[in-house]
Amino acid sequence: MSSANTDVFKQVIKKLCEVNNISPRKPAFETIDNIVVISVKNNLKDGVELDCFHILNLIYQIITPLGIKFNQQLYLYPNSKRVARITVTFKKEDYDVLNMRLENGNVDG
């Protein structure tokens, strides 16, 4: 099965970023142990970049109807209220199910 080598969700998110004039490098994907982390860095000193919210919205529009479990976390710079980044994390097995369903076209929930 090719899903082990193909990260369909990552490809879709990066392509949707391009279509929406957002750098496809903005969402960073990495796997740490058994967790898949999508990190979106905020570059504004005051507030949060609109692109951050747009990327999160793209992610949620795909995963929410599928019922895929995830967590979201907001990271602040030390001793400030400034947002450093926002992450969306998945257990590796949930992320694999997401990719398999996208690859097979099984998006009915």
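Up top is the structure these notes are about.
Residues numbered from 1 in each chain as written. Predicted model: local features only at pLDDT ≥ 70, side-chain atom pairs only at ≥ 80, totals over all residues. Heavy atoms only, no water.

Enquirer: Could you give an account of the packing of helix α1 (residues 8–19) against helix α2 (residues 50–66), naming the residues involved and the relevant values?
Expert: The geometry of α1 relative to α2 is characterised by a closest axis approach of 10 Å and an angle of 135° between their N-to-C directions. In terms of orientation, α1 lies oblique with respect to α2. For the crossing formed where α1 meets α2, the hand is right-handed. For the pair α1 and α2, contact is made by Phe 9, Val 12, Ile 13, Leu 16 and Cys 17 and by Ile 55, Leu 58, Ile 59, Ile 62 and Ile 63, respectively. The residue makeup of the contact of α1 with α2, split by class, is ten nonpolar, no polar and no charged. (Axes fitted to C-alpha atoms, helices over the stretch in contact; angles between N-to-C directions. Helix = DSSP H or I, 4+ residues; strand = E, 2+ residues; numbered from the N terminus. Parallel < 35°, antiparallel > 145°, perpendicular 65-115°, else oblique. Left-handed = near helix turned anticlockwise from the far one by under 90°. Contact = heavy atoms within 4.5 Å. Nonpolar A, V, L, I, M, F, W, Y, C, P; charged D, E, K, R; others polar.)

Enquirer: Residue-level account of the sheet that holds strand β1 (residues 27–32), with values.
Expert: Strand order in this open sheet of four strands is β1-β2-β4-β3, and the pairing throughout is antiparallel. Two strands lie at the open edges of the sheet, namely β1 and β3 (71–76), each paired on one side alone. Within this sheet the neighbouring strands show an average axis-to-axis angle of 25°, counted without direction. Against the sheet, α1 engages β1 and β2 (35–41), with an angle of about 165° to β1. Sitting on the sheet, helix α3 (residues 92–104) touches β1, β2 and β4 (83–91), and the angle it makes with β4 is about 80°. (Pairing = 2+ DSSP bridges.)

Enquirer: Kindly report on the nonpolar core, identifying the contributing residues and their values.
Expert: With 26 residues, the main nonpolar core has Phe 9, Ile 13, Ile 59, Ile 63, Phe 90 and Leu 98 as its most contacted residues. Of all the secondary-structure elements, those providing two or more residues to this core are α1, β2, α2, β4 and α3. The biggest single contributor to this core is α2, with nine residues. Discounting chain neighbours no more than four positions away, the residues touching Ile 13 are Pro 27, Phe 29, Leu 58, Ile 59 and Ile 62. (Core = buried A, V, L, I, M, F, W, Y, C linked by side-chain atoms within 4.5 Å. Buried < 20%, exposed > 50% of the residue type's maximum accessible area, 1.4 Å probe, protein only.)

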